Amino acid sequence: MNRSRSGAVGRARAGVRGALLLLVVLVAALVLGTAAPASAHATLVATDPAEGAVLETAPEAITFTFSEAIGGVPDGVQVFDAQGGPVASSSSASGTGLTVTLDDAVGDGTLVVVWRVVSEDGHPISGSLSFSVGAPSAIVEAPPGGVGSDGSNPPWVLSLFRWLGYVALFVAVGVIGFVALLLPRTNLADRSRGWLVRTARVGAVATAVTWLVGLPLTAMYLLGGDTGSLTRSGTWAILSTTEYAVTAVVVLGVGLGALLLGGGLPDAVRGRVAVGAVVVAACAPALVGHTRAESPEWLVVGADMLHLLAGSVWLGGLLALALTLVDLAERGTLGAEVLARFSGVAAGVLAALVVTGSFLAWRVVGSVGALFDTGYGQLLLVKVLAALTAVAIAAWNRWKLLPAMQQTARRKERRAGARVVARATASEAGVLVVVLLLTGFLVDRSPESDAPVVPTSAQVGPLEVQTAELGDLTVRATMSPQLTGPNTVTIELLDADGRPGEGVEPPVVSLASDDVDLGALPLIYYSPGNFSADAVVPTPGTWTLQVSLRLTEFENPVATLEFEVRAP
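Since this is a predicted model, take the numbers as computed values, not measurements.

Student: Help me understand the sheet that holds strand β8 (residues 109-119), please; the structure alone is not making it clear to me.
Tutor: Sheet strands associate in pairs through backbone hydrogen bonding, adopting either a parallel or an antiparallel arrangement. With mixed pairing, 5 strands are arranged side by side in an open sheet as β2-β9-β8-β4-β5. In this open sheet, the two edge strands, each paired with only one partner strand, are β2 (54-55) and β5 (86-87). Across 10 bridges, β8 lies against strand β9 (residues 124-133) in antiparallel orientation. Bridging across to β9, valine 114 finds its partner in serine 128.

Here it is as C-alpha cells:
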C-alpha cells in the first residue's frame, strides 16, 4: 500500500474510533439523563356531561377535553338517539376542547355522540359518549357503523406508500450527495457518474409519485373514509398547510437536485446547489408527525432532521457504492479513494443515526416499559435490531473487506475484492431498506398504548380500580369522582385472556351503604363487556357495589366491591 493510500485508511479508521467514542458519551448522557414525560398523541381526559350521566334537561353544549390540542374533522361528530336515528348537531374544535351543540330540541331518552378528531401529531382519534335526558332508554341501538374506535393504526396501503416514499427519497438524496461530494471530478468516473445520475432521476420520479399519492391516502385515513370522500372539498381541507408544504419541498428539492447533476461533469457551484436542495428535501418530513407533539419542539424536530439526513447519506451512499465500486476499482486508485472518502463520512453518519434515533425514541415513546407494552414500541425494537444488523455488516465491510481491497495492487485481484465489498455493501443497503419499511409503518402509528380508555368526568388523582371474580370472568369497576353527589360507575368484564367478556344477559349492578340502598343502577352499554351507570351518592363512607351476571341458565355469580366515598 502506498503512503497516501495508507494515510487515507488511517484517517478513516481514526474517524471511526472518534465517532464511536463520541457515540458512547452521547448515548450515556441520553440514558442517564432525566426525561420529561413524552406527550404522545391526544387522549380524552374529561367530558361534560360524563359518560352515563342522566340529566333533567338537554345540555346547552356537550364538551370534550383532551390532553393536547386537537383539530376537527369534517362530519367528524354525529349524534344519535336511542333508536340509532340521527340528531341534528354542530361542532367546533379549539385548542384542547371539542364543543358539540344540539341544533334541535330532543326528547327524553339516551343520546350517543360519536366523535373523531385529529391529534396534534397528525393521528386521528375517535370514540363515543352516551348520556340520557330525563331517564335512560330501556334499549339503546348501536349507531350506524358502530361506535367510534381508535383510529391510530393506518391502512396498509398508506404504510406501503410511506415506505416507498422514504426509500425513494433516501435513494435520491444519498445518490445526489454521493455524486456531488464524494465522486472525484475526473473523466475516469464518467461511466459511474452516468449510472448514478440515472439512478438519481429514477429516485426523484419515484419520490414525486409516492409523496403525491400519499396526500389523498392521508386525507382518507384522517377522515376514516373511502375513495368516494376525495370528491368532497372538505376532505382536502383536513390536511394542514404544513402537510402540503412538506410534500412540495420534498418533490421539488429532489427534482432540482437530480436536474442539476445532468448534462455532463457538474461543476462545484451546481454540485453545492444540488446538495443544498436535497438536504432541505431530506429534512422537510421532520416538520410533520410525532416530533411536532414533543417538547422541546425545536430540539426534537432538529434531531429528527439530522436522523433523516444521516439515513439518506447512508442508504444512498451504499447504493451508489454497490453500483459503481467494481467499475471504479478498474481505474487505478479511484475505487480505493472513493471508499476511503465514504468510510470517513459513514463513521459520522452511523454516530448521528444511533444518537438521534435513541433520542427520538426516548422522547416519543417516553419510557422503557412502553418499548415492550405497546405495539409502537415493539415495532421500534424490531427496527433497532435491524439497524444494529446493518451496523454489524458495515463494521465488517469497513474494517475487514475494505483494508483487504486497498492492499491489493493487481487489477484482477482488486476487481475481485471490489466485488466482495460491493456485495457486502448491497446487503447492508438491503437491511436498511427493511429498516425503512418499519419506519413507514411507524410514521402513521401512535406511540400510545392500544388499551381502550374509558372517558370519565374530571377527577383529581388516579381512579381507584376494584376487581373481583365473577365466575370465569373478572369484573373491574371504578367510581368517579368518589365524592358525595353525582358519580359515574364503570364496569368492565374480562375473560382469562384479558379480552372483553359477556354473559347471556347484561349485568345487574346495585349500590348501597349501611344506611342507604340506591337499588339497581340503569346501565349504559357502550362496547362489548363495558358498561357505565350514573349514581348520586348522598353520604360519605363505604359504599358496596354489587355486580350480578347470568352466565348460563343455572349460573348467576355475584361479585361485591367496596369504594370509599369522601365529602367534597
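Student: What is the right way to read the pairing of strand β6 (residues 89-94) from this model?
Tutor: Side-chain direction in a regular strand flips from residue to residue, so the side chains alternate between the two faces of the sheet. Bridging between β6 and strand β7 (residues 97-102) involves 6 bridges; their strand directions are antiparallel. Considered in β7, the bridge of alanine 93 is made with leucine 98. Here β6 folds back onto β7 in antiparallel fashion, the turn holding 2 residues, of which glycine 95 has a positive phi close to 60°.

Student: How should the packing of helix α2 (residues 156-182) against helix α3 (residues 190-223) be read in this particular structure?
Tutor: Helix-helix packing is characterised by the crossing angle of the two axes and by the distance between the axes. Viewed as axis vectors pointing N to C, α2 and α3 meet at an angle of 150°, and their least axial separation amounts to 7 Å. As summarised for this structure, α2 and α3 are arranged roughly antiparallel, according to the angle between their axes. For α2 against α3, the interelement crossing comes out left-handed. Here the contact of α2 with α3 is built from residues that sort into 21 nonpolar, 7 polar and 2 charged.

Student: Looking at this model, I keep getting lost on helix α7 (residues 297-329). Mind explaining?
Tutor: The α-helix winds at 3.6 residues per turn, so residues separated by three or four positions along the chain end up facing the same way. Over its 33 residues, α7 extends 46 Å from the first C-alpha to the last, a length consistent with the 48 Å expected when each residue adds 1.5 Å. Roughly 45° is the biggest bend found in α7, and it falls at leucine 323.

Student: Mind showing me how you'd approach the side chain of threonine 488 here?
Tutor: Relative to the helices and strands, threonine 488 is located in strand β12 (residues 485-494). By relative accessible area, threonine 488 is classed as buried at 4%. Polar side-chain contacts of threonine 488 include one of 3.5 Å to the backbone oxygen of glutamate 51. With sequence-adjacent residues up to four places away left out, threonine 488 is seen in contact with Ala50, Glu51, Thr478, Met479, Ser480 and Ala533.

Student: Sorry if this is basic, but what is going on with the packing of aromatic side chains here?
Tutor: Each aromatic ring pair is summarised here by two numbers: the centre-to-centre distance and the angle between the ring planes. Taken as a whole and judged by the stated rule, the model has 4 aromatic pairs. Aromatic pair tyrosine 166 and phenylalanine 170: ring centres 6.2 Å apart, planes at 90°, arrangement edge-to-face. Residue tyrosine 166 and its partner phenylalanine 170 are both found in helix α2; the two are separated by 4 residues, about one turn of the helix. You'll find tyrosine 166 and phenylalanine 170 in the same group, each marked buried. Among the aromatic residues, ring-to-ring pairing joins Phe64, Phe66 and Trp115 into one connected group.

Student: What should I look at first to understand unusual backbone geometry in this one?
Tutor: Geometrically, the link from aspartate 48 to proline 49 is a cis peptide bond, its omega value of 10° lying close to zero. If you trace the backbone, proline 49 turns up in the loop between β1 (44-48) and β2. The linkage connecting serine 480 with the following residue, proline 481, adopts the cis geometry, with an omega of 10°. Residues other than glycine seldom take positive phi values, yet aspartate 75 does so here, at roughly 55°. As for its placement among the helices and strands, aspartate 75 is situated in strand β4 (residues 70-80).

Student: I would appreciate a short explanation of helix α6 (residues 268-283) in the present structure.
Tutor: The terminal C-alpha atoms of α6 lie 23 Å apart, and with 16 residues this matches the ideal 22 Å at 1.5 Å per residue to within 8%. Elements that come into contact with the buried residues of α6 comprise α2, α5 (241-261) and α7.

Student: Even after reading the chapter, I still don't get the sheet that holds strand β14 (residues 517-520), so can you show me in this structure?
Tutor: Spatially, β14-β13-β17-β18 is the arrangement adopted by the 4 strands of the open sheet, whose pairing is antiparallel. On the outer flanks of this sheet lie β14 and β18 (558-565), each paired with one strand and no other. Each neighbouring strand pair of the sheet contributes to a mean axis angle of 15°, computed without reference to strand direction. Sheet topology places strand β13 (residues 508-512) next to strand β17 (residues 541-548); 5 bridges connect them, and they run antiparallel. Across the sheet, the residue bridging to alanine 512 is threonine 544, located in β17.

Student: Teacher, can you tell me more about the nonpolar core here?
Tutor: Generally speaking, soluble globular proteins have nonpolar side chains that are buried together. Counting residues in hydrophobic clusters, the biggest one holds 49 residues, and the most contacted among them are Leu169 and Phe178. Where this core is concerned, the elements lending two or more residues are α2, α3, α5, α6, α7 and α8 (334-365). Per-element accounting of this core gives the leading share, 13 residues, to α2.

Student: Is there a simple way to explain the pairing of β18 in this structure?
Tutor: Burial along β18 is one-sided: the face carrying Ala559, Leu561, Phe563 and Val565 is buried and the face carrying Val558, Thr560, Glu562 and Glu564 is not. Bridge analysis of β17 against β18 gives 8 bridges, and the strand direction is antiparallel. Bridge pairing links threonine 544 to glutamate 562 in β18.

How each quantity is defined
Residues numbered from 1 in each chain as written. Predicted model: local features only at pLDDT ≥ 70, side-chain atom pairs only at ≥ 80, totals over all residues. Heavy atoms only, no water. Pairing = 2+ DSSP bridges. Helix = DSSP H or I, 4+ residues; strand = E, 2+ residues; numbered from the N terminus. Axes fitted to C-alpha atoms, helices over the stretch in contact; angles between N-to-C directions. Parallel < 35°, antiparallel > 145°, perpendicular 65-115°, else oblique. Left-handed = near helix turned anticlockwise from the far one by under 90°. Nonpolar A, V, L, I, M, F, W, Y, C, P; charged D, E, K, R; others polar. Expected span 1.5 Å × (residues − 1). Bend = angle between axes of the 7 residues up to and from the residue. Buried < 20%, exposed > 50% of the residue type's maximum accessible area, 1.4 Å probe, protein only. Polar contact = N/O pair within 3.5 Å; in protein donor to acceptor, adjacent residues only side chain to side chain. Contact = heavy atoms within 4.5 Å. Phe/Tyr/Trp six-rings, centres within 6.5 Å; stacked < 30°, edge-to-face > 60°. Core = buried A, V, L, I, M, F, W, Y, C linked by side-chain atoms within 4.5 Å.

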